[in-house]
Protein chains: 2
Amino acid sequence: MEYFPPALEALIEQFARLPGVGKKSAQRLALFVLSLPEGEAEKFAEAIVNARQVISCCPVCQNFSEGEGLCPICGDPKRDASTICVVADPKDVIAMEQGREYNGVYHVLHGVISPMNHVGPDDLEIKSLLSRVEEGGVNEVIMATDPDTEGEATAMYLARLLRPLGVTVTRLAYGIPIGSHLEYADQATLMRALEGRQVL
Amino acid sequence: MEYFPPALEALIEQFARLPGVGKKSAQRLALFVLSLPEGEAEKFAEAIVNARQVISCCPVCQNFSEGEGLCPICGDPKRDASTICVVADPKDVIAMEQGREYNGVYHVLHGVISPMNHVGPDDLEIKSLLSRVEEGGVNEVIMATDPDTEGEATAMYLARLLRPLGVTVTRLAYGIPIGSHLEYADQATLMRALEGRQVL
C-alpha cells in the first residue's frame with residue numbers, strides 16, 4: 001500500500017537508490033526536501049543536472065574535471081609529472097592530497113579489476129595509463145589501490161604491464177596505522193609490518 | 001582547498017545539507033549520481049522539482065496530498081470521520097497506517113510546540129484542527145504525538161483547547177513495547193506501564 005502521494009513516492013524511490021540509503025532514510029530525505037524553502041529544492045535539482053553536464057574526465061589523469069582542459073593537478077606546472085600515483089577512484093586522489101606531501105601526478109583507474117562484478121582490465125583506464133608511460137618522461141609509478149584482494153590483484157596486474165616499459169613500479173607500504181595499538185592490529189597487517197620493518 | 005571541480009563541489013554541498021548526511025557521505029552520494037547511466041540523474045532532479053510542484057496539503061487533515069482535492073484517507077468513505085488521530089508529521093500517519101487497525105482519520109500538525117526551536121502554537125495546524133472539531137461530527141480526538149517532552153506538552157495543550165468543544169480527548173497508551181524485555185525498559189516507561197496496568 002502506498003501511503004504517500006505518487007510524486008512523493010517517486011522522490012522517495014530516487015533517494016532509496018543512493019548507496020547506503022534505505023527506505024526509512026529515503027523517506028526522511030524526501031520529506032526534508034519538501035520542507036526546504038522555495039527555490040532551494042530547485043537548486044538541488046539544478047546541481048544534479050549541472051554536475052552531470054559539466055563534469056568530464058581529465059584527458060591525462062582521468063580524474064574528474066570541469067570543461068575540456070586538464071584538471072587542476074595535471075595543469076599545475078609545479079607538480080612532478082615524472083611520478084604517477086595510480087588510484088582506483090577520484091576520492092582516493094582526495095585522500096592522498098589531504099596528506100599534503102605527495103607532489104607527483106595521478107592516474108584514476110575508475111575501479112579495480114573484479115571478475116565477481118564483471119569488471120575486467122578493458123573496463124578501466126589502463127590503456128590510457130600505459131600510453132602515458134610509453135610517451136616517456138615517467139620515472140616511477142606508485143600503486144595506491146586499496147590493500148584488499150581486488151586492489152592487490154589490480155596492482156600486480158598493472159605492475160606486470162608497466163615494468164617492461166622501463167619505469168620503477170612501487171606500492172604503498174603496509175603496516176600498523178599511526179595512532180593505533182598493536183593489540184588491535186589484525187594478524188595479516190602485523191605480519192606485513194614485520195616483513196616491511198625498517199632500520200632505525 | 002577544493003579537490004573536486006566546482007560543479008561537483010556544488011552537488012556535494014547540496015547533499016551535505018540533507019539531514020544525517022555528513023561531508024564524506026555527501027561525496028559518496030554525489031559521485032554515485034555522477035556514475036548513474038545517462039538520463040537517470042536527470043530523472044532524480046525531475047523527481048525533486050516535480051514533488052515540490054505537485055505535492056500540497058490535504059485541506060482537511062493537512063497530510064501531504066497530490067493536487068487540490070482531499071487526500072486518499074479523508075476521501076475514503078469507509079473511514080470513520082468521527083475519530084481524529086492527531087500526529088506531528090506525515091511519517092507518523094504511515095506508522096499508524098502500517099498497523100492496519102486504525103480506521104479513523106488523521107490531523108497532521110506539521111511539528112510540535114517547541115519554544116527552544118521557536119515553534120509556537122500558531123506555527124502548527126492547530127486552528128484547522130479546532131475548526132474541524134467545531135464543525136461537529138467528531139466524537140474522539142486521539143493524541144498520537146511522540147512521548148517526549150515536546151510531544152507531551154503539545155498533547156496537553158491541545159487537550160485543554162479541545163475538551164471545552166465536547167469531544168473525548170485520549171492519548172496513546174504508554175508501556176513496555178511488545179517483544180522487548182523488562183530488564184531493558186527504562187524506569188520512566190516501567191513506571192508508566194505500572195500506572196496504566198489493566199485488569200486481565
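Cut-off values and rules
Residues numbered from 1 in each chain as written. Chains lettered and ligands numbered in written order. Predicted model: local features only at pLDDT ≥ 70, side-chain atom pairs only at ≥ 80, totals over all residues. Heavy atoms only, no water. Helix = DSSP H or I, 4+ residues; strand = E, 2+ residues; numbered from the N terminus. Rg over C-alpha atoms; globule rule 2.2 N^0.38 Å. Buried < 20%, exposed > 50% of the residue type's maximum accessible area, 1.4 Å probe, protein only. Contact = heavy atoms within 4.5 Å. Areas by Shrake-Rupley, 256 points an atom, 1.4 Å probe, with all protein chains shown as cover. Pairing = 2+ DSSP bridges. Axes fitted to C-alpha atoms, helices over the stretch in contact; angles between N-to-C directions. Phe/Tyr/Trp six-rings, centres within 6.5 Å; stacked < 30°, edge-to-face > 60°. Lys NZ or Arg CZ within 6 Å of the ring centre and 35° of its normal. Parallel < 35°, antiparallel > 145°, perpendicular 65-115°, else oblique. Left-handed = near helix turned anticlockwise from the far one by under 90°. Expected span 1.5 Å × (residues − 1). Arc of directions from axis to C-beta. Least-squares fit on C-alpha atoms with pLDDT ≥ 70 in both. Buried area = accessible area lost by both parts, 1.4 Å probe. Salt bridge = Lys/Arg side-chain N within 4 Å of Asp/Glu carboxyl O. Polar contact = N/O pair within 3.5 Å; in protein donor to acceptor, adjacent residues only side chain to side chain. Nonpolar A, V, L, I, M, F, W, Y, C, P; charged D, E, K, R; others polar. pLDDT = per-residue confidence, 0-100.

## Structural notes on the overall build of chain A
1) Next: Counting secondary structure elements, chain A contains 7 helices and 6 strands.
2) Next: When its helices and strands are written in sequence order, chain A yields α-α-α-β-β-β-α-β-α-β-α-β-α.
3) Next: Compactness check: chain A gives a C-alpha radius of gyration of 22 Å against a globular reference of 16 Å for 200 residues, more than 25% above the reference.
4) Next: Relative to its 200 residues, chain A shows a buried fraction of 43%.
5) Next: Contacts spanning at least 24 positions in sequence make up 46% of the contacts within chain A whose residues lie at least 6 apart.
6) Next: Accessible surface, chain A: about 11400 Å² in total, of which carbon and sulfur atoms supply 54%.

## Observations concerning the sheet that holds strand β5 (residues 140-143) of chain A
All names here are of chain A.
1) Next: Strand order in the open sheet formed by 4 strands is β4-β3-β5-β6, and the pairing between neighbours is parallel. Each end of this open sheet is capped by a strand with a single partner; those strands are β4 (104-108) and β6 (168-171). Pairs of neighbouring strands in the sheet enclose a mean axial angle of 25°, with direction left out of account.
2) Next: Bridging between strand β3 (residues 80-87) and β5 involves 4 bridges; their strand directions are parallel. Across the sheet, Ile84 pairs through a bridge with Val141, a residue of β5.
3) Next: Contacts between helix α5 (residues 127-134) and the sheet are confined to β3, β4 and β5, with β4 contributing the most and set at about 150° to the helix.

## Considering the pairing of β4 of chain A
Residue and element names in this part refer to chain A.
1) Next: Of all 5 residues making up β4, 5 are buried, and the element is well covered by its neighbours.
2) Next: With 5 bridges joining them, β3 and β4 adopt parallel strand pairing. The residue bridging Val86 from the neighbouring strand is His107, located in β4.

## Section: the packing of aromatic side chains
1) Next: Here the structure, examined in full by the defined rule, presents 6 aromatic pairs over all chains.
2) Next: Through pairs of rings, three or more aromatic residues link up here, namely Phe15 and Phe44 of chain A together with Phe15 and Phe44 of chain B.
3) Next: Over the aromatic face of Tyr174 of chain A sits the side chain of Arg192 of chain A, whose NZ or CZ is 4.3 Å from the ring centroid.

## So, the packing of helix α3 (residues 40-54) of chain A against helix α2 (residues 23-35) of chain B
1) Next: Following both chains from N to C, one finds α3 of chain A and α2 of chain B inclined at 60°, their axes separated by 9 Å at the closest point. In terms of their interaxial angle, α3 of chain A and α2 of chain B are classed as oblique. Where α3 of chain A crosses over α2 of chain B, the handedness of that crossing is right-handed. Between α3 of chain A and α2 of chain B, the contacting residues are Ile48, Ala51 and Arg52 of chain A on the first element and Val33, Leu34 and Ser35 of chain B on the second.

## Structural notes on helix α6 (residues 149-162) of chain A
Residue and element names in this part refer to chain A.
1) Next: The end-to-end C-alpha distance of α6, which contains 14 residues, comes to 20 Å, matching closely the 20 Å that a straight helix rising 1.5 Å per residue would cover.
2) Next: For α6, every residue scored as buried is listed here: Gly151, Glu152, Thr154, Ala155, Leu158, Ala159 and Leu162. All buried residues of α6 fall inside an arc of 165° around its axis, so they share one side. α6 presents Thr149, Met156 and Arg160 as exposed residues on the side facing more than 90 degrees away from its buried surface.
3) Next: At its buried positions, α6 is contacted by β3, α5, β5, β6 and α7 (187-195).

## Describing the relation of the copies chain A and chain B
1) Next: When chain A is fitted to chain B, the best match, at an RMSD of 0.1 Å, comes from turning it 180° and sliding it 0.0 Å along the axis. The transformation relating the two chain copies, once decomposed into turn and shift, fits a two-fold axis. Scanning chain A for the C-alpha nearest the rotation axis identifies Ala45 of chain A, at a separation of 2.1 Å.
2) Next: By residue overlap, the copies meet face to face through one surface: 100% of the interface positions of chain A are interface positions in chain B.

## Brief notes about the interface of chain A and chain B
1) Next: Facing the 51 residues of chain A at the interface are 51 residues of chain B.
2) Next: Across the chain A to chain B interface the summed buried area is about 4800 Å²; carbon plus sulfur atoms make up 72%.
3) Next: Run the count over chain A and chain B and you get 2 salt bridges.
4) Next: A salt bridge links Glu40 of chain A to Arg17 of chain B; its shortest N-O distance comes to 2.6 Å.
5) Next: For the pair chain A and chain B, the interface holds 10 residue pairs in polar contact (both at pLDDT 80 or more).
6) Next: For the side of chain A that touches chain B, the per-class residue count stands at 32 nonpolar, 8 polar and 11 charged.

## Some points on the environment of Glu9 of chain B
Residue and element names in this part refer to chain B.
1) Next: Of note, Glu9 is situated in helix α1 (residues 6-16).
2) Next: Residues Glu9 and Ala30, spaced 21 residues apart in sequence, show a C-alpha to C-alpha distance of 8.7 Å.
3) Next: A polar atom in the side chain of Glu9 sits 3.5 Å from the backbone nitrogen of Phe4.

## Quick look at the confidence of the model for chain A
1) Next: Looking at chain A as a whole, its pLDDT mean stands at 88, while 99% of the residues score no less than 70.
2) Next: Quick note on the complex model: pTM equals 0.71, ipTM equals 0.71.

## A look at unusual backbone geometry
Residues and elements named next belong to chain A.
1) Next: Look at Arg100: it is not a glycine, yet its phi comes out positive at around 55°.
2) Next: Inspection of the secondary structure puts Arg100 in the loop between α4 (90-98) and β4.
3) Next: The exposure class of Arg100 is exposed, given its relative accessible area of 65%.

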